[in-house]
Every structure is written in structure tokens, then in C-alpha cells.
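Fold and geometry: a report
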Amino acid sequence: MASSLVISTTTTTITSIATEILNRQLSDGQNLPPPPLSQTWQVILNTFIHHFLKFLNLLNKIPGGPVVLRYIKSSYQNDPIRSLFEYCLFIFALTYFFTSKKKENKSEIVKFSSKEIDELCNEWEPEPLVKEVINLQEWQLKSIPEIVGQNQFNLKKIIINNNTYNDEKQSIKNFASQDFLNLNENQRIKDAAEVEIKYAGVGACGPPNFYGTQDVHVRVEEDLAEFLDSEQAIIYGQDYVTAGSVIPAFLKRGDLCVVDRNVNNAVQKALIVSRADIEWFDHNDMDHLNQILTQLKPVLDKQKPIKRRFIVTEGLFANSGDIVNLPKIVELKNKFKYRLFLDESLSIGTLGITGKGVAEHFNIPRAEISITIGSMANSFASSGGFCVGVSSMVHHQRISSNAYVFSASLPPYSAKVTSQAIKVIKENIDSRTGQSKLMTTLHKITNYTYQTLSRSSNTNLNCYFDIVSSPQSPMIHLQLKETYREKLNLPLLYGNSSFITTGKPSQYPNKFDEYFNLECFLLQKVIDLILTKSNILLTRSKIILEHEDLPVLPPHLLINLSASVTKSDIDMLVESLDAVVYSIFKNIQAENDLINLTNEILNY
Amino acid sequence: MPEVFTRTIPNAPEDDRPLEIISDHEYGKLTSDEYLYTSKHPVGEPFLKPEEGEPTYIIYLATYLNFLLLIIIGHIRDFFGKIFKPKEYEDLIEIDGYAPWYDGFESFYVRRLKMRIDDCFARPIHGAPGRFIKCFNRKRDGKYGYLYDGTSRECLNLSSYNYLGFAQSSGTCTDFALDCLKYGTSACASRLHLGTDLHKKCERVIADFVGKEDAIIVSQGYGTNANFFMSIADSKTLIISDELNHASIRFGIRLSGAIVKVFKHNDMKSLEKLIRDQIAQGQPKTHRPWKKIIIAVEGLYSMEGNMCDLPELIRIKDKYKCYLFVDEAHSIGALGPNGKGICDYFQVDPNDVDVLMGTLTKSFGATGGYIAGSQELIDKLRLDYITQGYSESVPPPVLGQMISSLSVINGDLNPGEGKERLQRIAFNSRYLRLGLKRLGFIVYGADDSPVIPLLIYLPGKMPGLSRSLYDLGIAIVVVSYPATPLLSARARLCLSSAITKEDLDDLLIKLSDVGDQFFLKYNSKKLPIEQVLSTLVEDCKKTNLDF
Ligand SMILES: Cc1ncc(COP(=O)(O)O)c(C=O)c1O
């Protein structure tokens, strides 16, 4: 690269002289003695011209070359200045082409001799690949529950923190799984899986575009599209990568998205990768959204050609369990001409009378949502993610969406399981109300649980916890009450807000936060105690604080409901939760009590 | 019988052949002990760049012209298409104040080049993609559509990533996977929320298999890489990445926010120079020393068919105190005397590599990826790796397939079967590679690689090759720019233990014919097919696969 630079500068300075010599060469075609010039110039010039003529000769031999040669000659004869200009342009293009590879700022590079570099290399001491898990965090490792046997509602045996919980007489009720419709235990689903594995084996052994698409994959895409009333569907091998692959396929640098401040981690990462411009609106705050869209309008009206614009939000929020205000968003998006991207990973299969997600919940046609993504690993008891929408959008993903193109297809049996799950959900639809029986069961128990939880007789629960999720969400989020958190001097939010304030995500992962750790531990104590006392397995939101790019809500105690939960299960759960909460929280009434838990953490 | 065409893909036809025949078509029986080989790199010998033939420059020129022509015609068609068939271009223009889904410029290549040969891609199949693969017959109908007549063709399978032939619908592993259905069809929670004993067991089996202290599993190979790097790197880390690294690695690095430098594919000299310069210069602007430097490479490059120079990489990383990440997606199972991947092949201690990543999608007939490393690393990742917290964990039948296939390779299950699989893939790879070389084809990659890229160069020949082989009952993958460099469009042949030597003979004969027909034998040296086949078995077992 450096040499091409040198050549180009010398050549431009000597062009004028070269012109003259070339003049003769081209018009006469024979060597005349060169004009008197200083020695060095002459050498350079001679070699240059020599090579140039050789090049011209070569040109003559290549097919099509004579045409170029004739062009050079004629242009030169007609107008030497133009020819000179063209020549300079050519050189410029060449140098530009060769130097355009990203080059560091030259002035920044310090020159070292090889010996100095050796020394620097010897001196350099890198940090370890990862920092060890600190002892304050080790309890988190130990608290990952390990079920012995199937992940189902009635568990026989479970291991947490090296303690084995199994009661001969009574099963452990599992409120930690995300199998909302309890299809993971459904024999017909298992049978479908068995038939498919016996037909096609387990893995698909190839990306969809290279012999990885099987009949069952196409079937499940058709089934999903039909189930969600949209033109086409596309499936992905994992739910988490879906957002990260779909969003960057459509949102490029210069495009705009207006995003809810509380979106889940998958969407956060997707937005970072897309490099689109981002505006944030307060969580589910439609006035704020309206205000932002109004402010942006004058600028966007001038845009030519117009860029893609999206409103990005979630159906049922993973972080807080509340439901998007879809009717208002749809109204706004149509008014301001935005498209809507909706992550329905948790809402499809849990909301709506036939499980079709928030769109059905609010009675809004699916067509209003330009891109819907979802997960097959929750309610459908399968694996993978999917995206539905209009054909041209889906078709574009088949060639431009990273996780679709560069990864093997979903195992065929998983595709089959999803198809079967959709069939089961659609069965037994009440002809009068249009409700699916399975969904009704889930909705009823969800409703009952919220009622029971918010009864005024649960004095302790009410004293320490707020229910923050929407009353339709089968994932119930319980957050420590603000007044209580204040008393313990716990912050309102964790993490950092750099993404929101500066528009750029923080360059470093969030640091370990002691209070966050303590608060999580407090919830774990509840989980452990209620498991010991009443054979009930709850869970908590397991936020990986380090990699959250948005401000993080306090940790939540989670109760995941499923269609097989009965009212008596709920009665028992609420009653014992109330007691457990009392026995744990009565001793923790000030910041110091909280900090004293550190000892317990270390000995967990 | 009048043919009935449908626009949707038909259901898989019933297969009423006896189980014996079906399983033989998924995994062919070994016909002679002659056809076995053990592949490993001689310890201490340098890893040489494999010799790759070069076509005459006319071919390069023709390739350029080929592209030029396609691009010019594409633009002409775009120009007139927009005027005369505006309906077909609706996707590219603003409608009612909404920007198009994608740009015309960005999609030009796909619309105007790929769409012309769309039938060579995404052929739908049914059944296990073993020794033979059953593709639905179809013909094009309009721009995107196809018409299916309900029949399918059984093709010799050189397209699936099925190195050890575990893509089977019956047998030890399938039975084991079916048995795991008692754990359900799905994990229904992230690993951090809930695991099962099966997950734990699988992690243990993988860690032991690759020779690391512990391992973590993820439900997809792509997702493993795409979300991994942010757990080990931040903006003060330098990641040095091979220019041909897989998209998932590049995506993961981009997400981590680390600074990336790219070195020329497999060029250890330029890598060393880059590291020296970078340590000396430090971070941009501030010139502070880097926090750490991570070298990211793949064990076996699936488009090139060659391996990384692991011994040299380890020397460099030790000398300069860097960390080494090796993606074993294609090498695990497929390479080494014990199938334990690139470390096994080069006989180096797996503990010399800091992070071993791999997928079980390719050799083991399962799906998903793993990260294996020291206890310290894995413990940290369990809490810090976002796929552990936010994504589904691996479903039970897949865990079953992972555990059983690894146990077969280990010899813990069905002793002898694993060994045979390993030796068959090693033999098959060398046999086909040498055969192709001698026939005059230009192939890339290392002798022992089970991936054989066969160079086509001219993109115009891709559909011809793909279609004629399909008609002859052979399924291959053709790729060109942007998946490969502009000039080197290629067919990729992925071998499998499931394929027999007789299949390969048949393949060589057919390929030889087709190669003549399409002028694909670019090498000046070539032998007639009879002569090639006569000595191939002995010759392919010699140390060097010279012409
Ligand atoms: C090097 C490499 N890494 C990762 C992957 C992704 O693996 P999977 O197909 O299991 O998602 C691939 C697959 O093509 C690959 O070649």
C-alpha cells in the first residue's frame, strides 16, 4: 500500500515530462533519444515508460485490448490534457482502491524496532480470560435447581444446593417451568415426537437452504402462519437468537426504531447489532410515545427517500409480566406510519381465547403487526423460535437472516411437536364463545390465582410484596414493596442507563452489585423455605445483570402457572407463601439486617 | 395416471420397505476391512498448506466476464422490469409512506443472480439425511413458487453434515433418544431456572469427551457463538479473528464490543506479526496495554476444507500470552483417531486450548453447541452467559442423542461401532479426495478433511452441475459469492461414514462424466477414470496424497 502511494505521487509530478516522451512514442511508434534531463529523472522516466509501453503491448494481445489502446491513442491525440486528466483519475482510483481498506491513523502508530517489540511482548501481562466467580456469587451457582426426571408439574425429586427434596407421600408442585399449557406431559405430543424420530432421526444435519428443510418444517411454518392469521412463517433453531437475527435483517444504519424502555435482553442485543437509530419511550407510556413520534415527525417528513421506521415492543413483557397497550400503539403507528415489531415469545400460547397472543387478546387483526416473533419452547413444549408476517418480509429472511442462513434447521421432531401442539390448542373450541378449552383452563386458574393472591387476608404478602404483572399473565411477578425496599435502602433500579441517555450501550458489562445480589438472595430464601415446608417450587427472575444494557428492575419472585394447576394448589401456595414471607422478612427490617445476610450467603 | 401438481410441499410418502433396507440406506454396511483408515497428523511435522491446483488465467477472466454479464443483464432486466412489470417490484418501492422492506441495491445479488438458480438451493427433503437423502421432485412455477408432483428422488447424500453417519431413524442412538422422551419433548425453561439430571449428565459426557474440566450446552450452535464473546471480552479486549471465520463468531464478536483485527486465512506469519504489533501499540488512542488478546479460529473450515495450524497457534499463544478459542463445529467427531477433534488430530493436549467450542449438529446427528473449558471458566459462564439465563435449554431427546452418540464414539456403548465409524470417515475422505484430484478436478483443503470443496469457478456452471448430478441421483451443495470469494464458486462435498466405497466409485464415475461435460477438470494433469479407480484404495492410504 505504501509503495503504491509513493508511485502515485512521483508519477503525478513527472506526468508533464512523461507526456512529452509519450507523445513521441505514441505518434511515431519508435524510440527517439530522450530530451536532456537530469540523471535521476531520466532513469525513473525511462523505466516508467518502458513498463508503460510493455503494458500497452500486452494490452494489444488481450482480447478487447486493441480497443482500449485505440481509445488511449485517439483521446491522446485529440486532447492531451483530457488524456492527462483521465490518467490522473485512473491513478487516483487505483490508490483509492488500494488504500480504502480501513487504515489506522498513521500518526497514531509508534515505530518500534523488533527488539523493542520483543521486550514489550515480554513485559505484557494479560488479565485472566474470565474473572473467577466471587464467593459472594457462589450461592447462585448452587441454587440452580436440578430436577431428577421430567420437568413436569408434579415432581418427584429435585436437588438444590446439594439438598435433595423428595417426599414419598406427596409430589413437589412445580411453579418454575414455563410449560404454561402443560403440553410437555401430553402423551399425544410425545407420540408425535416418537413417530417423527422413528421416521427422520433427531438432528436435521444441515442449514435450511442446503437440504435441511424437511416436509415437517414446511408444515409447521404453514401451521404457524395459519394459527396466527398471517401470510407466512419462518422458524429458527433457538428462541433467543430470533430477535437478534430478524431485527438486523430489516433495521440498518440510518433506519429508526422507537423502543419500549423495558424490552427484554434479546431485543436489546438485537438493537445494538442493527446499528439503527433508537429513541426510547417510557415503559408502556403511550403519551410519551405519542410525544416522541410527534417530535420526530417534522424531521422525518423531510426524509427522502424515506427510511424504515419501527416501533419495537413486547407482547407480554418478560421483565415485568405486564401487557403492551396494543390498541393505542396500533393507532399511533398507523397515524405516524411506523411498522410494529412485537416480541410475543411469552404471549403466544398464553393470551387470547384461542392462544393467539396479545393480538387476539385485544381483538386486533394480526396484519396490524408487521413482524411478530415468538418462541416454540414455552407453551408449545417444543424448541426454537419463529417469525410471522407478510410473504415478502419472511422471504427476505430466508436469505438475509443470519441465524436462519448460518445454522442447522430445527430437529424435525421439534417441528412436528409444534404442529401437534397447535392442533391440541385448537381442539375443543367452544362453538358459542369461540374459546379453546385448554386456554380457558389456563385463564381461569390465572384469574383465580390473582384473586387469591390479592386477598386482604394475606397480610404478610401484602405487606412486603406488590404484584407487578398484569392479571392475565400466567407468569406472576412479585416485587418487594417500594416502601420496604426504601427501608432497606435498596435502589429503584439496577444496571446502567447509558443506552438510554447517550444512545450507546455501555462499553463494559455492569459490575457485580452487592445489593442486587442480596435482594436476589432474599428471594432465594423464600424459594428454599417454601420448598422445604410445603413442597412447592417457585423461581425468581434470573437477570444476568452484567449483560443488561437497560436499567434493570429489581428481582422478582416468579410463580409460573400452568393448565394443570388446581384451585387447591393455589390455596395451599398462597397460604404457605404468606407464612414463609412472614418468617423470613420479620427479621429483616433495616439495611443492616440485609447486609448481615452476607454471612449466610457465604455459607450457603 | 395423470400427474397432479401441488404448490405446497406434499407430505412424506409412506416408506414400506423392510427396516433392514431402510437402515442400510441410512447407513451403508462396510463391505471390506480394506476400506478403513486412521487419520492423524504426524507429531512434530509442520502443517503444510495443502497444495491446491490453479486453473489457467483464462478461467479467471471468464469468471469475471461471467459475473459482469450477469450483472449487466440483471440491471437491464431491473430497468425494463420496473417500467413494464411494476407489480413485481412492489417490494422495492415506497408504498403509502412506508419504506420498502429492503433496498433494491442490497437485494440485487439475490434477485438477479441467486433467483436464476434458485432450484439448486433449499431442496425440500423427507426422512433422515443419511447415506441417501430423499428430495421432493419439483419444477419451477413463476418467480418464487414450485410445483410438486408428490414423488421424491433418493440421492446419494454428499450435502448433509453427517460426518459420522448418526443421522439414522433406528439403531442404538435413536433408541436412546426415544427413551429420553420420558423427560418430555422440551426443556420448558432456561438452564439457569431449571435443569434436569439429563442436562447434568450430558454436560459431564461432553466435558469428558473433549478432555476439559467442564462444559456448558446450548440448544443451537449458532447461538452458542453469537452470545458467547460478550462473556469474555469487552472494549478493552482485542480479538484476533481468522478472515474466514463463521458468521456466528463474527456476530458474537461484534456484539461483545471488543476490538477486532482480522488476519489472513490460516497465515500464521501474519498472525504473529499482528500480535506483536498490537501488543506494542496497545489500545487505539490511549496506547494502554490490552487487557487480553483472544485468538479465534475454527478447527476445520467448512467452506475451505482445511484445518487450522493448531500446533503453531499454540506456540504463538503461549509465547505472547494470548487466549485461544477454537470452534470445533466441523472438526469434533470428524477428525482424529478417536474422533475428539482437532486436538486429537494434532495430538495436542486439549488443555492447551483455552476455550473449545463445538456443535453436535454435524457429526453426532443431534443439534446444539457446547463450550468446554476450565472449571473456572464454565462456572463463570453458568452465571454470566446470556443463553443460560434467557434462552431455552436443550430438549431431552436431543440430549439423548448427544449422550448416546458420544458414548458410541467413546466405545462405552456398542464397542467397536464407534471405531468403525471413525475409520470409515477417514478412509472415505481420502479416497474421494485423491480420486477427484487424479481425475483432474481442482479441490481445496487438507488430505484428511471430510469436507471437499470442488472448484467450479464459473458461476454459470453451478446450476448445470447441480442439476445434472441431481438427475443422476447425487445431492451436492453449490456455493458462490458471497459465501466464497468472488472467483471461486465451488461445489461442496461432505463425506460421511454412512457412505460405502462402492458408492464413492459410482460417484467418481458419474462425476468424471459430468466433469467432462462441463469442462470442470481444470488441472492440466488428469487420468482416465479406469486408471484412477484401479489403484485408489492402496494409494489413498499413503501418507501424502500426491497426484
Ligand atoms: C464453524 C461453525 N460454527 C457454528 C456453526 C453453527 O452451528 P449450528 O448449525 O449448530 O447452529 C456452524 C454451522 O454451520 C459452523 O460452521
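Residues numbered from 1 in each chain as written. Chains lettered and ligands numbered in written order. Predicted model: local features only at pLDDT ≥ 70, side-chain atom pairs only at ≥ 80, totals over all residues. Heavy atoms only, no water.

As annotated in an unreviewed UniProt entry, chain B carries the name serine C-palmitoyltransferase and is attributed to Candida verbasci. What the UniProt record of chain B gives under Sequence similarities (unreviewed entry) is the line "Belongs to the class-II pyridoxal-phosphate-dependent aminotransferase family." (UniProt positions renumbered as here; feature names shortened; annotations may be inferred.)

An unreviewed UniProt entry lists chain A under the name serine C-palmitoyltransferase, with Candida verbasci given as the organism. Per its UniProt entry, chain A bears the Cofactor (unreviewed entry) comment "pyridoxal 5'-phosphate".

Details of the sheet that holds strand 8 (residues 277–281) of chain A
Residue and element names in this part refer to chain A. Pairing in this open sheet of 7 strands is mixed, and the strands run 6-12-11-10-9-7-8 from one edge to the other. Either end of the sheet is taken by a strand with one partner, and the two such strands are strand 6 (232–236) and strand 8. Direction aside, the axes of adjacent strands within the sheet are offset by 20° on average. In this structure, strand 7 (residues 256–260) lies alongside strand 9 (residues 309–314), joined through 4 bridges in parallel fashion. Its bridge partner being in strand 9, Leu-256 is matched across the sheet by Arg-309. Running over the sheet, helix 9 (residues 215–227) touches strand 6 and strand 12 (385–389) and is turned about 125° from strand 6. Across the sheet, helix 15 (residues 391–400) lies against strand 6, strand 11 (371–375) and strand 12, angled at about 30° from strand 6, the strand it touches most. (Pairing = 2+ DSSP bridges. Helix = DSSP H or I, 4+ residues; strand = E, 2+ residues; numbered from the N terminus. Axes fitted to C-alpha atoms, helices over the stretch in contact; angles between N-to-C directions. Contact = heavy atoms within 4.5 Å.)

Concerning the packing of aromatic side chains
What describes a pair of aromatic rings is the distance from one ring centre to the other and the angle between the planes of the rings. All names here are of chain B. By the definition in use, this model includes 32 aromatic pairs over all chains. Both rings, one in Tyr-222 and one in Phe-251, keep their centres 6.1 Å apart while their planes meet at 50°; by these two values the pair is tilted. Note that Tyr-222 is positioned in helix 6 (residues 221–226) and Phe-251 in helix 7 (residues 247–256), a separation of 29 residues in sequence. Consider the rings of Phe-228 and Phe-229, whose centres lie 5.4 Å apart with planes at 65°: the pair is edge-to-face. Looking at Phe-229, the relative accessible area reads 0%, which means it is buried. A cation sits over an aromatic face here: Arg-153 above Tyr-470, 5.4 Å from the ring centre. It is Lys-340 that lies over the ring of Phe-209; its NZ or CZ is 5.4 Å from the centre. (Phe/Tyr/Trp six-rings, centres within 6.5 Å; stacked < 30°, edge-to-face > 60°. Buried < 20%, exposed > 50% of the residue type's maximum accessible area, 1.4 Å probe, protein only. Lys NZ or Arg CZ within 6 Å of the ring centre and 35° of its normal.)

Notes on the site of the ligand
By nearness alone, 16 residues border the ligand, and Ser-407 of chain A together with Tyr-222, Asp-327, Thr-361 and Lys-362 of chain B come closest of all. Surrounding the ligand are residues belonging to chains A and B, so the site spans chains. At a separation of 3.4 Å, an oxygen atom of the ligand approaches a polar side-chain atom of His-246 of chain B. A distance of 3.1 Å separates an oxygen atom of the ligand from a polar atom in the side chain of Lys-362 of chain B. Among the elements that take part in the shell around the ligand, helix 6 of chain B stands out by supplying 3 residues, more than any other. (Near = heavy atom within 4 Å. Polar contact = N/O pair within 3.5 Å; in protein donor to acceptor, adjacent residues only side chain to side chain.)

Quick word on the UniProt feature "domain: Aminotransferase class I/classII large" (unreviewed entry) in chain A
Under the UniProt annotation, the feature "domain: Aminotransferase class I/classII large" (unreviewed entry) is placed at residues 174–575 of chain A. End C-alpha atoms of residues 174–575 of chain A are separated by 16 Å, and the span's content is 45% helix alongside 13% strand.

Points about a negative patch on the surface
Where like charges cluster on the molecular surface, the negative patch consists of Glu-132 and Glu-138 of chain A together with Glu-213 and Glu-376 of chain B. Looking at where Glu-138 of chain A falls in the secondary structure, it is placed in helix 6 (residues 138–142). Residue class for Glu-138 of chain A comes out partly exposed when judged on its relative accessible area of 35%. (Patch = residues over 30% accessible without salt bridge, like charges linked within 9 Å, V, L, I, M, F, W, Y side chains within 5 Å. Areas by Shrake-Rupley, 256 points an atom, 1.4 Å probe, with all protein chains shown as cover. Salt bridge = Lys/Arg side-chain N within 4 Å of Asp/Glu carboxyl O. Lys, Arg positive; Asp, Glu negative; His and termini not counted. Charge placed at Lys NZ, Arg CZ, Asp CG, Glu CD.)

Some details on the interface of chain A and chain B
Taken together, the contact pairs 124 residues of chain A with 124 residues of chain B. Inspection of the region where chain A meets chain B yields 5 salt bridges. Of the charged contacts, one joins Arg-276 of chain B and Asp-118 of chain A as a salt bridge, the two residues approaching to 2.7 Å between their closest N and O atoms. Seen at the junction of chain A and chain B, the total is 52 residue pairs in polar contact (both at pLDDT 80 or more). Per-element accounting of the side of chain A that touches chain B gives the leading share, 8 residues, to helix 7 (residues 187–200) of chain A. Class assignment of the residues belonging to the side of chain A that touches chain B gives a composition of 58 nonpolar, 37 polar and 29 charged. Direction of pairing for strand 1 (residues 146–148) of chain A relative to strand 4 (residues 195–196) of chain B: parallel, over a ladder of 2 bridges. Along strand 4 of chain B, the bridge assignment pairs Ile-147 of chain A with Thr-196 of chain B. (Nonpolar A, V, L, I, M, F, W, Y, C, P; charged D, E, K, R; others polar.)

A few points about the UniProt feature "domain: Aminotransferase class I/classII large" (unreviewed entry) in chain B
Here, UniProt's "domain: Aminotransferase class I/classII large" (unreviewed entry) annotation points to residues 154–508 of chain B. As a span, residues 154–508 of chain B carries 39% helix and 17% strand, and end to end its C-alpha atoms are 18 Å apart.

A look at the packing of helix 18 (residues 437–453) of chain A against helix 23 (residues 567–585) of chain A
Residue and element names in this part refer to chain A. Interhelical geometry of helix 18 versus helix 23 gives an angle of 25° and a closest axis separation of 10 Å. One finds that helix 18 runs roughly parallel with respect to helix 23. The interaxial crossing formed by helix 18 with helix 23 has right-handed handedness. Residues Ile-445, Tyr-448, Thr-449, Thr-452 and Leu-453 of helix 18 form the contact with helix 23, whose participating residues are Lys-567, Ile-570, Asp-571 and Val-574. (Parallel < 35°, antiparallel > 145°, perpendicular 65-115°, else oblique. Left-handed = near helix turned anticlockwise from the far one by under 90°.)

Overview of the domain arrangement of chain B
By domain assignment, chain B separates into domain 1 (19–45 + 154–164 + 417–539), domain 2 (57–112) and domain 3 (186–394). Each of domain 2 of chain B and domain 3 of chain B has a C-alpha centre, and the two are 38 Å apart. (Domains from an automatic or database assignment.)

Some thoughts on helix 22 (residues 514–534) of chain A
All names here are of chain A. Between its first and last C-alpha, helix 22 extends 30 Å over 21 residues, near the 30 Å set by a 1.5 Å rise per residue. Taking the backbone nitrogen of Tyr-515 as reference, a side-chain oxygen 2.9 Å away marks Asp-513 as the first, capping residue of helix 22. Phi turns positive, to about 55°, at Asn-535, one or two residues after helix 22. (Expected span 1.5 Å × (residues − 1).)

Observations concerning the nonpolar core
One finds Phe-380 of chain A together with Leu-310 and Leu-436 of chain B to be the most contacted residues of the largest nonpolar core, which totals 202 residues. Looking at this core element by element, the count peaks at 9 residues for helix 14 (residues 417–439) of chain B. Not counting the four nearest positions on each side in its chain, Leu-436 of chain B is found in contact with Phe-441, Val-443, Ile-452, Leu-454, Leu-493, Leu-508 and Leu-511 of chain B. (Core = buried A, V, L, I, M, F, W, Y, C linked by side-chain atoms within 4.5 Å.)

Details of empty space enclosed by the protein
For the structure on display, the rule yields 14 cavities of 30 Å³ or more. Within this model, the largest cavity holds a volume of roughly 630 Å³. Lining the largest cavity are 45 residues, with Asn-264, Ala-318 and Leu-346 of chain A together with Gly-389 and Tyr-390 of chain B positioned closest to its centre. Counting residues per element, the ones that place at least two in the lining of the largest cavity are helix 10 (239–250), helix 11 (265–274), strand 11 and strand 14 (475–480) of chain A together with helix 12 (386–390) of chain B. Here the element with the most residues in the lining of the largest cavity is helix 10 of chain A; it accounts for 4 residues. Classifying every residue of the lining of the largest cavity by side-chain character gives 20 nonpolar, 18 polar and 7 charged. Here the second largest cavity is characterised by a volume of approximately 230 Å³. With 3 residues, the top contributor of residues to the lining of the second largest cavity is helix 22 of chain A. Looking at the lining of the second largest cavity residue by residue, the class counts come to 9 nonpolar, 5 polar and 4 charged. (1 Å grid on protein atoms, 1.4 Å probe; cavity = no way out; pocket = protein on both sides within 12 Å on 5 of 7 lines; lining within 4 Å. Points joined across faces, edges and corners; volume = space filled by probe spheres on them.)

Here's the deal with the sheet that holds strand 4 of chain B
Sheets are built from strands that pair by backbone hydrogen bonding, the pairs being arranged parallel or antiparallel. Judged by pairing direction, the sheet is mixed, and its 4 strands sit side by side in the order 4(A)-3(A)-1(A)-4(B) without closing on themselves. Both outer strands of the open sheet, strand 4 (163–165) of chain A together with strand 4 of chain B, are each paired with one neighbouring strand and no more. The sheet contact formed by strand 3 (residues 157–160) of chain A and strand 4 of chain A spans 3 bridges and is antiparallel. Note that in strand 4 of chain A the partner of Ile-160 of chain A across the bridge is Asn-163 of chain A.

Focus: the UniProt feature "transmembrane region" (unreviewed entry) in chain B
The sites that UniProt annotates as "transmembrane region" (unreviewed entry) are residues 57–76 of chain B. As annotated, residues 57–76 of chain B comprises 100% helix and 0% strand, and the C-alpha atoms at either end are separated by 28 Å.

Some remarks on the environment of Leu-531 of chain A
Topologically, Leu-531 of chain A is positioned in helix 22. Beyond its immediate chain neighbours, meaning those up to four positions away, Leu-531 of chain A contacts Ile-158, Ile-160, Tyr-165, Ile-172, Ile-536 and Leu-537 of chain A.

Points about the pairing of strand 11 of chain A
Residue and element names in this part refer to chain A. Counting buried residues in strand 11 gives 5 out of 5 residues, a clear majority hidden from the surface. Here strand 11 shows a buried face lined by Ile-371, Ile-373 and Ser-375 and a second buried face lined by Thr-372 and Gly-374. Here 3 bridges tie strand 10 (residues 339–343) to strand 11, and the two strands are oriented parallel to one another. Across the sheet, residue Leu-342 finds its bridge partner in strand 11, namely Thr-372. When strand 11 meets strand 12, the two strands line up antiparallel, connected through 4 bridges. Looking at the pairing, Ile-373 lines up with Cys-387 of strand 12.

Some remarks on a nonpolar patch on the surface
Where nonpolar side chains cluster on the molecular surface, the patch consists of Tyr-57, Ile-58, Leu-61, Leu-65, Leu-68, Ile-72, Ile-76, Phe-79, Phe-80, Ile-83 and Phe-84 of chain B and spans about 1100 Å² of accessible area. Tracing the backbone shows Phe-80 of chain B in helix 2 (residues 57–84).

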